[in-house]
Structures are given as C-alpha cells and as structure tokens.
Amino acid sequence: MQVASLSRLLLAAVVFALPHHAIAQAAMKPLPLHAALQDKDFLLLSLLQANPEVRDTLVADTALKQVSAERQQFLTMSLRTCKGTASCTLKPLVWTEEEIRAVSFALARAYKNDPSLRKLVDGDLRSSGAYVLYQKESGEDLLVNAWEVCARGLNNIIAVYGQGAAPRYPQIDSISFDVNSADFQQRIASLTSRISDEASTPELFFEPSLTAALQLLALNRRDEAGRMEPMESSVNQAALRSIPTIRWSSYAYSVIVVPGAGPADPNIALSDAGRRRTALAAEEYHAGKAPFVLLSGGYVHPSQTQFAEAIEMKKALLHDYHVPEEAILVDPHARHTTTNMRNAAREIYRYNIPMSKPALVVSDPAQITYIEGQPFADRCMKELGYVPYQLVKRASDTSLVFLPMVDSLQQDPLDPLDP
C-alpha cells in the first residue's frame, strides 16, 4: 500500500510539473492545414500570407521593402554571373544572419504599431502551439522567435535540397540528384529565374525563399511531411470518432505507442522487427491496457521507400491481430525514435486525449532500454531542443510508461520531412 501511494504521489508531481500555461494557450485540436507541407514547416509564414491586413502592413514596411529589394538585386545578379551553378544561383535566397536580424527588428516594430499583426500573433499564432517553446514570452518575442525558426528552416531546405549539403541523416534524407549534373543545374537555373520574374509584383519579404524551398522539396520528391494530411479525415478518422466515447478511468494507459522499424529491402513492406513490435502492441491492447494503439513511423528505410511503417503496421493490426480500426491511430511521418515519441505526444494532445494519463510505449528490449537511458534524452535535447516525454517507470522488458510533454508541439523545419 505504501509503495502504491508513493507511486501516485510521484505521478502527481510529474503531472503538476507539466507547463500548464502552454496547455491553456495552445488549442487542443488539430491544426487546420490548408497547404499541409508549408503549414507544417512554416505555419507563421502561412498565417502572414493568409491575413490581408497583415500582408498589406508588411508589404508596405520600409525596412522590409529594403531587405527585399537588396535580395532581389543579388538574385538578378546571380542569374547573370553564376553561369548556371546551382549553389551560386541559390545563394541570394539564403538568409544571412544580418538579414534575419533586420527582419526581426522590423517585425518587432510592426507588432508594436499594427493592431492586425498583434491580433494575429496573440490569437492564431499563439493558440496554434506551433511555437510552444516561446509561449511564455511576449507577443513581440514570440513573433521574432517564430520568424527566426522559419528563416533557418528555409536556409536548411535550400542548402540540402538545392546546394547538396549533408542533412543530419544523409542515408535517408539526402538530395535526390547529382548536384553537379547538367540536368540539375538547368532545373535550378529555371527555378530561380521564375522566382526572380515573380518578384516584380508586390510580395512579402520571405516569399522568394519560401517558394524556392517548397519547389526544391517537390523537385526532390520530398513531400513526406504532407502525405495523408489531414489525417483527421483520412487514416485517423475512425479512431477520432471513438475518442469522445472513452471512459479513460477504465484503462491503465491512454494509448499504446509502437515505434516503427523499416526494412532494408525496398520491396519489403513490414520488417520482422516491425511485425514483432506490432504483435506486442496487439497483446497489450487485447489485455485491455489502453483503448488505442498509436503506430508511429514514416516513409524512412530505405530512402524514398514506397512504404510507411505506421501504415504497414496498421494493416497487420487489422488483418493479423484483429484490432478494430476505431482503436488504431497512426503517425505516418516520424523518421527517428526521437520523433516517434514527439509525434505520439503531439497526437495525444491534438486529439484531446488526456495529457495527464500515462501512456505505454512497446518495442523490443534493446529499443526500450535505449529510450529509458540518458543518451536518448540527450539526443532529444540536441535534435529537438527538449525531451518530449517524462518517464514514469519501466513496466517490462518490452514496455515503458511515460507522460507526453506539450513542448512536442514545437514545429521544427530543420527536419523538413517531419517538422
């Protein structure tokens, strides 16, 4: 009895430590995605584009017009002098630190002076939760930080998918072309020429770079982040209808999370490891541990695979393990163990599943031991900037109990295939 009471006290302490201010300010519902790839990578820029009053304010801003004019001048010059070299031609579309700071100052000033921008930032931007790491900050600072996240994300996409720079995980995330080939050089010259021509019309300061980044992702067939979106009306529709009917007190856990494991062979849909993890989840589900299984894994291994780990595991749950579709949630985007945990936390929050109720993650003993260890938490801090979970206990060799953290809502365009 004393041990059980102590466990409840510890769990309560963990829940109390959750950032409740952020939970209150970020709406517990899915983000409305009008252009899924852009909105998931650069929600701030989408909101600025979509608001006519804010757009007019920013287009008319003297400092931002100067930044845009100088960048357009450099782009025009590069088309004449770079002789079709992709890295050179794209360079004017990359934001320098000086330019990023200049825009930050201009946005901060516009926030103070323009009611429509203040309304957007303090309303839609803050409630989106997409920049939850800055929720405690003033509207002015929230806007500036969100802009700087976007600017560095734009730079990263242009560098990796236009200039051939190495991404964080080269084996699965690299450019699809030989950057030195004549074909690729011609494609980039054509792309930048179109962007330069379009810049003659009134536009927002970031739009040439945004257009370049999105077209480079399309050129490289790197639309993974937008696939199956909006999930609420596709792969997760049946489960979402069930969520309001659940009596959460009847279950030990909110969801059973299953990290995917991709095969090395492009012709194999579901790896042996993925199937074993799926079987573990089915066993826990049929034992009544949680009302939902949450499968996490995208189009990852091998690079440019046609199979999403979560979707293939869902097929196995349905056909081999007799788990009903209304009990299955999927995250077909995660590319790493870090984002398996992060995206699971996101879905729990966005789908209004109790954040204070512990969840269970199941996998093979080696991965469970890894998730439990400090090196994995350190990796999360390095790659995400926060730890997306709070460990509660190890339940078995193949499972861990955790609490999801609301910091997981933070957009990360430095990982544009799953931001």
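Structural notes, computed from the coordinates. Predicted, not measured: the structure shown is a model, and the values here were computed from it. (Residues numbered from 1 in each chain as written. Predicted model: local features only at pLDDT ≥ 70, side-chain atom pairs only at ≥ 80, totals over all residues. Heavy atoms only, no water.)

1. What to know about the overall build of the protein
The number of helices and strands found in the protein is 19 helices and six strands. By the compact-globule yardstick of 22 Å for 419 residues, the protein fits well, its C-alpha radius of gyration being 23 Å. Projecting the C-alpha coordinates of the protein onto the three principal axes gives extents of approximately 75 × 50 × 35 Å. Pairs at least 24 residues apart make up 74% of the contacts formed inside the protein by residues separated by at least 6 positions. The positive charge centre, built from 40 side chains, and the negative charge centre, built from 47, are 2 Å apart in the protein. (Helix = DSSP H or I, 4+ residues; strand = E, 2+ residues; numbered from the N terminus. Rg over C-alpha atoms; globule rule 2.2 N^0.38 Å. Contact = heavy atoms within 4.5 Å. Lys, Arg positive; Asp, Glu negative; His and termini not counted. Charge placed at Lys NZ, Arg CZ, Asp CG, Glu CD.)

2. A look at the state of the cysteines
Under the counting rule described, the total for this entry stands at one disulfide. Between the sulfur of C82 and that of C88 lies a disulfide, 1.8 Å long from S to S. Between C82 and C88, the disulfide has an S-S torsion of -60° and is therefore left-handed. Residue C82 is classed as buried on the basis of its relative accessible area of 6%. When its relative accessible area of 31% is taken as the criterion, C88 is described as partly exposed. (Disulfide = S-S within 2.5 Å. Buried < 20%, exposed > 50% of the residue type's maximum accessible area, 1.4 Å probe, protein only.)

3. Some thoughts on the pattern of salt bridges
A complete count under the given rule lists 19 salt bridges for this structure. Here R109 and D61 are joined by a salt bridge, their closest N and O atoms 3.3 Å apart. With a gap of 48 residues between them, R109 in helix α8 (residues 97–113) and D61 in the loop between α5 (52–60) and α6 (62–81) connect regions that are remote in the sequence. Exposure remark for R109: the relative accessible area of 37% places this residue in the partly exposed category. What makes D61 buried here is its relative accessible area of 13%. Here R394 makes a salt bridge to E372, at a shortest N to O gap of 2.9 Å. With R394 in strand β5 (residues 389–396) and E372 in helix α18 (residues 365–372), the pair connects residues that are 22 residues apart, well separated along the chain. Residues participating in the shared-partner salt-bridge network are E97, E148 and R152. (Salt bridge = Lys/Arg side-chain N within 4 Å of Asp/Glu carboxyl O.)

4. Points about the environment of L45
With respect to the element layout, L45 can be found in helix α4 (residues 43–50). A residue is classified by how much of its surface remains accessible, and L45, at 0% relative accessible area, is buried. In the structure, L45 is positioned 162 residues away from E207 in sequence and 8.6 Å away in space, judged by C-alpha atoms. Every residue in contact with L45, bar those within four places of it in the chain, is listed here: Q38, W147, C150, L154, F206 and L210.

5. Focus on helix α9 (residues 115–128)
Between its first and last C-alpha, α9 extends 19 Å over 14 residues, near the 20 Å set by a 1.5 Å rise per residue. Along α9, the helix axis deviates most sharply at V121, where the bend reaches about 30°. In the stretch just after α9, G129 is the one whose phi turns positive, near 75°. (Expected span 1.5 Å × (residues − 1). Bend = angle between axes of the 7 residues up to and from the residue.)

6. Re the packing of α9 against helix α10 (residues 139–161)
Helix-helix packing is characterised by the crossing angle of the two axes and by the distance between the axes. Contact pair α9 / α10: the axes reach a minimum separation of 10 Å and the direction vectors enclose 70°. In terms of orientation, α9 lies roughly perpendicular with respect to α10. Residues L117, V121, D122, L125 and R126 of α9 touch α10, and the partners they reach there are G139, L142 and L143. Of the residues belonging to the contact of α9 with α10, the class tally is five nonpolar, one polar and two charged. (Axes fitted to C-alpha atoms, helices over the stretch in contact; angles between N-to-C directions. Parallel < 35°, antiparallel > 145°, perpendicular 65-115°, else oblique. Nonpolar A, V, L, I, M, F, W, Y, C, P; charged D, E, K, R; others polar.)

7. Concerning the sheet that holds strand β1 (residues 255–259)
With respect to topology, six strands assemble into an open sheet ordered β3-β2-β1-β4-β6-β5, the strand pairing being mixed. Lying at the two open borders of the sheet, with one neighbouring strand each, are β3 (328–331) and β5. Ignoring which end each strand starts from, the neighbouring axes of this sheet average 25° apart. The sheet contact formed by β1 and strand β4 (residues 359–362) spans two bridges and is parallel. Within β4, the position partnered with V257 by the bridge is V361. Of the strands in this sheet, β1, β2 (292–296) and β3 are in contact with helix α16 (residues 309–319), which crosses β2 at around 145°. (Pairing = 2+ DSSP bridges.)

8. Focus: the packing of aromatic side chains
Tallied over the entire structure, the rule returns eight aromatic pairs. Here the aromatic rings of F205 and F206 are separated by 5.1 Å at their centres, their planes lie at 90°, and the arrangement is edge-to-face. Accessibility assignment for this pair places F205 and F206 in one class, buried. Ring pairing ties together the aromatic residues W95, W147, F205 and F206, which thus form one cluster. Over the ring of W95 we find R71, and its NZ or CZ is 3.6 Å from the ring centre. When the ring centre of Y299 is taken as origin, the NZ or CZ atom of R227, which lies over that ring, is 4.5 Å away. (Phe/Tyr/Trp six-rings, centres within 6.5 Å; stacked < 30°, edge-to-face > 60°. Lys NZ or Arg CZ within 6 Å of the ring centre and 35° of its normal.)

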